[in-house]
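Remarks on the overall topology
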Amino acid sequence: MVRVRYDDVTKRYGNEIGAKNIDITVDDGEFAVLLGPSGCGKTTTLRCLAGLTDPTEGEIRIDGTDITDRHPKNRDIAMVFQELALYPHMGVAANIGYPLKVEGVDKATRRERVEAVTETLDIGELLDRETDELSGGQRQRVAIGRAIIRRPSVFLMDEPLASLDAKLKVEMRNEIKKLQRELGITTLYVTHDQEEAMTLGDKLIVMNDGTVQQVGTPAEVYHDPANQFVAGFIGSPSMNFLRVRREAAGSQRVVAANDATFSFSVERLPTAVGDTEPFVLGVRPQYFSVHQSPIDGAAKAEVTVTEPMGDEQLLTVQFDGDGREIAVRAPFDVGVTRGDTIWLGISGERAYVFDVETGARIRQTELSTDTAVPTGSRP
Amino acid sequence: MSLQSDTAVGGRYESALLWVEDHLRWILTLPALAVLAAFFVYPVGRALVLSLYQFDAAGRQFVGFENYVAILTAGAFWQSLWITAKFMFFAVSFEVGLGIAIAFVLNSKVRFRGLIQTIGLVPLVISPTVVALLWQLLYQNGGVLDSLVAPLTNGPVPWLSDPSIALYALVLPDVWQMTPLVTLIVLAGLQSVPDHVQEAAMMDGAGRMRRLVDVTLPYIKELVVLVLILRVIGTMRVFAKVFVLTRGGPAKSTEVISMAMYREAFSYGNYGRASTMALLLLLIALAITYAFATVSEVEF
C-alpha cells in the first residue's frame, strides 16, 4: 500500500511561485497524471516528491510518513526524466543495473534481474549495446528499465515521451500503461499533452499558474470541467468560448454580450446567471448542430475554412458581421464549402457556463448533469 | 574560324576547371600542409641532419650516430632527464591536483565566481619570463617569501641558491602560472555534466562520492587526460623560468633538459649534440602522450 499525499505544498523561487498550495492524494497503484501548459508548476510538483526540489512550505507524505526533508536516495522513488538521462559512458546492461549496483547487489543477481527487466521491456537483444547505438524508443525502454528494476514504491515520469515521434509515442504510451497495470506501482506522470494524459491516467491533476485547477478522472475533467481553463485545455480542438448574455429576462436565448451578431437557444441556462450581466458560454466543436437553412434557435454564420478529416470535417466559422472565429465539427457529408452560410444550434445540455471575471464554472444546480460520452456532432 | 578558337578557349577553361575540381582536396589542404612543413617537418628534419654532425672550431664533421651514443652513455643527459622528471612530477601533481580541486569549488555555487575566474586567469596570460622575474623578486634575500616563512626559519631561506631546494623553488612559479589552465579546462568539463544525469544518479540511490566516481569523473576523464598530457609536455620543455631564476644551478641541481640543450648549443656551440637531445626529448614526449592515451583509452 503506497499512498502519496501532498499537504498544502508551496514552492517559491524568490518572488516567483513555482507551485502553490498543492493539496493532492494519489492512491495505491493509481496512475496520476499532472497535466498543464508549460510553466504551470507540474514538473516542480513532481520534483518536490522526488526530493530534487525542496518545497518552501507544506509536507509530502508517503503512507503517512513525512518524507519532505529526506534525500532522494532515501525515498524509494524512481524517476524517468524527459531527457532520459542515461549514463553515456555505460552500456545498456550497466545503465539498467546501476540502481542495483548502488544498492550493493552482487554481479550475478544484478545480471539476472537486468535480463528479466529487459525481457519484460522487449529489449533483451540490446543488453550488450552502448546507449549511443540505440534508437529513441529503445533509449526510452532502457530509461524505464532502470527505473523499474528495483521495484520502487513510487514511479515518477517527467514528460518521458516528449522526444518521440507521433507513432512511437502512441506505442510507448500503451506499453507504459500496460506495464504500470502489471507492476501496480503508484505512478505520477507529467505531461502537457492532454491526449496522452487522457489515455494514460486514472486520475488527472490539471494545473495552471502553479495551482491545481481540478482533480478527477479523465471523463470528469472532460465532461465536467471545474473552470474555463480546464474546459479550454482539455479537448482538441479546444472548447469555444463566447461572451454572451440572456436575450431578455428569463429567456433561454442568448445573444452576443455586445448586443449584436448572433443569438442561440440554450435549453438549460443555470438560474444563477442573471438577466443582464454577461457570462461566458463554452461549447465544444462537436456539440454544435450545423444547418444549411435557417431554423429557430440557431445563429447565422459563414464558413471561412473547411478541413476534411475523414469521417468528419472541421469547420472554422465566423458569426455574421462579427470578427470572431469558432471551430465546429460536422459530419463529412454536410456539404459546405468556404463562403457558405450555415446556421449553428447548440445541444443544450452540452453547453457550459463560466463567470466572465473569474472563469469559474456556473453550474446548473437545479438540473441533473448528463455525462453521456459524446458521439460526435449531431446535424 | 573564330568559332573554332572560341571553342578552343572554352575547352581550355573547362579542362582547367576540371583539374581544379579533381585536385581540390589537395589545394585546400596545401596551406595547412605548408605550415606543418615549415614549423614541424623542416625543423625536425634539420635537427635530424644536424644530429649526425659534430661541431667544433674546425667546422662540422659527419659523425653518424656518434652523438646519440655519446649522449646516451654519458651521465649528464640522464641526470638532466632525472631533474626534468622530478620537476615534471611535482609541478604536474600540484597543478592538476590543485586545478581540479579549484574547478570543483568553482563549479559549486560560489559567490563572485565570474570575478574569481577572471582574476585566476591573469597568470596564464603573462609570459613565463615575466613570471620568473616576478618570482625572482619574491625569492629575494629578505623578500616577501622570507618574511612570510620568517616565524618558521632562522633567517632568510636560500631559495634559489641551495641545491636541495632550488628545484622546488622553480616548481612554485610554474604551479602558480599553470594551475588556472587546468582549472579552466576541468571546469569546462564539469559544466558539461548535465544536471539531469546527476539527478538520475541521485534517484538511483547514489550518494555524493558515488556520483563523483560513477558520473562526474567519466564525463571529465578525457579532459583530465588532455590536461595531463599538456602539462607533462609543458613541464618537459620548461626553460624560461629556469633560465631567469637559476640558469640550471646551483651546481647543476636545476639543469633540466632544455637548459642542458641550450648550454650545449649556445655555450659550447655543439649544435649536433643539442639537436640530438632535442630529438630524444621529442621521442620521449611522443611516448608519454601515447602511453597516456592508451592507458586511459581516450581517443584524440
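Residues numbered from 1 in each chain as written. Chains lettered and ligands numbered in written order. Predicted model: local features only at pLDDT ≥ 70, side-chain atom pairs only at ≥ 80, totals over all residues.

Topic: the interface of chain B and chain A
- Listed by partner, the interface residues are 14 residues for chain B and 17 residues for chain A.
- Looking at the side of chain B that touches chain A, the elements with two or more residues in it are α10 (195-203) and α11 (208-236) of chain B.
- A total of 6 residues in the side of chain B that touches chain A trace back to one element, the largest contributor, which is α10(B). (Contact = placed C-beta atoms within 7 Å. Helix = DSSP H or I, 4+ residues; strand = E, 2+ residues; numbered from the N terminus.)

Topic: the packing of helix α4 (residues 75-107) of chain B against α11(B)
All names here are of chain B.
- Here α4 crosses α11 at 140 degrees, and the two axes come no closer than 9 Å. With respect to the hand of their crossing, α4 and α11 are arranged in right-handed fashion. The residues of α11 that touch α4, namely those facing T84, F87, M88, A91, V92, E95 and V96, are V227, L228, R231, V232, T235 and M236.
- Residues that form the contact of α4 with α11 fall into these classes: 9 nonpolar, 2 polar and 2 charged. (Axes fitted to C-alpha atoms, helices over the stretch in contact; angles between N-to-C directions. Left-handed = near helix turned anticlockwise from the far one by under 90°. Nonpolar A, V, L, I, M, F, W, Y, C, P; charged D, E, K, R; others polar.)

Some remarks on the UniProt feature "transmembrane region" (unreviewed entry) in chain B
All names here are of chain B.
- Under the feature "transmembrane region" (unreviewed entry), the UniProt entry names residues 26-50, 62-81, 87-106, 118-138, 211-233 and 271-293.
- Annotation note: span residues 26-50, helix share 100%, strand share 0%, distance between end C-alpha atoms 31 Å.
- Secondary structure across residues 62-81 comprises 75% helix and 5% strand; the distance between its end C-alpha atoms is 26 Å. (UniProt positions renumbered as here; feature names shortened; annotations may be inferred.)

A word on the sheet that holds strand β12 (residues 240-246) of chain A
Residue and element names in this part refer to chain A.
- Read from one edge to the other, the open sheet built from 5 strands follows the order β14-β13-β12-β15-β21, with strand pairing classed as antiparallel. Every other strand in the sheet has two partners, leaving β14 (263-265) and β21 (351-354) as the edge strands with one partner each. Strand-to-strand twist across the sheet, computed as the mean angle between neighbouring axes with direction ignored, equals 40 degrees. (Pairing = 2+ DSSP bridges.)

Quick word on the domain arrangement of chain B
- Along its sequence, chain B is carved into domain 1 (2-50) and domain 2 (71-296).
- Of note, the centres of domain 1 of chain B and domain 2 of chain B, computed from C-alpha atoms alone, are 42 Å apart. (Domains from an automatic or database assignment.)

Quick look at helix α14 (residues 271-296) of chain B
All names here are of chain B.
- The end-to-end C-alpha separation of α14 is 37 Å, in line with the 38 Å expected for 26 residues at 1.5 Å each.
- Turning to α14, its buried residues number three or more, namely Y271, G272, R273, A274, S275, T276, M277, A278 and L281.
- Buried residues along α14 sit in contact with α2 (24-50), β1 (53-56), α3 (66-73), α4, α11 and α13 (257-267).
- E297 occupies a position one or two residues after α14 and carries a positive phi of about 55 degrees. (Expected span 1.5 Å × (residues − 1). Buried ≥ 20, exposed ≤ 12 C-beta atoms within 10 Å, placed from the backbone.)

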